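Descriptive structure summary
Spelled out from the first residue to the last, the chains are:
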Amino acid sequence: MPALNIEFSEAELEALRAIATERGVTLKALVREATTADIERHRALKEGAQVFRTFFDSHAEEFAAAFPDDEQQLPGTGTQAA
């Protein structure tokens, strides 16, 4: 399995060791858990953003009607962007 060496300050490493001890896991398990959780969080945020974009695009006219002051003006035209 590929590996990655990561450098931490003494204070960071001390804090990580304390957390690992509190949780009853190894330092390696703690860092791996935090990393995989962040990967999953990033994936979920990207997926959520795409769902929102799709929803917004499919309801753009309704949003424009409901929030006319928030519609962007086309530069130099005085008309709103579609």
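This one's a predicted model, so the numbers in the text were calculated from it and none came from an experiment. Numbering of residues starts from 1 in every chain and runs along the sequence as written. Only residues with pLDDT of 70 or above have their local features reported here, since the model is predicted, and side-chain atom pairs are shown and tallied only from 80 upward, although totals for entire chains, interfaces and linings are computed over all residues. Heavy atoms from the whole structure form the basis of all side-chain values; hydrogens and water molecules are not counted.

This brings us to a nonpolar patch on the surface. On the surface, a nonpolar cluster with roughly 310 Å² of combined accessible area is contributed by Leu4, Ile6 and Phe8. A run of DSSP states H or I qualifies as a helix once it reaches four residues; a run of E qualifies as a strand once it reaches two. Both are numbered from the N-terminal end. Assignment of secondary structure puts Ile6 in the segment before helix H1 (10-23). Patch definition: residues with relative accessible area over 30% and no salt bridge; like charges joined within 9 Å; nonpolar side chains (Val, Leu, Ile, Met, Phe, Trp, Tyr) joined within 5 Å. Where accessible areas are quoted, they stem from the Shrake-Rupley method and a 1.4 Å probe; at the residue level, only the protein chains shown are allowed to cover. Any carboxyl oxygen of Asp or Glu within 4 Å of a side-chain nitrogen of Lys or Arg constitutes a salt bridge here.

On to the pattern of salt bridges. Counted according to the given criterion, the structure contains four salt bridges. For Arg23, the salt bridge goes to Glu33, with nearest N and O atoms at 3.6 Å. One end of the pair, Arg23, is in helix H1; the other, Glu33, is in helix H2 (residues 27-58), with 10 residues separating them in the sequence. A 1.4 Å probe rolled over the protein chains alone gives each residue an accessible area, and that area as a share of the maximum for its type sets the label: buried under 20%, exposed over 50%, partly exposed in between. Here Arg23 falls in the exposed class, since its relative accessible area comes to 52%. Glu33 sits in the partly exposed class, given a relative accessible area of 45%. As a salt-bridge pair, Asp38 and Arg41 come within 3.1 Å of each other at their nearest N and O atoms. With a gap of three residues between them, Asp38 and Arg41 both fall in helix H2, about one helical turn apart. Each of the salt bridges in this network shares a partner with another, and the network as a whole consists of Glu40, Arg43 and Glu47.

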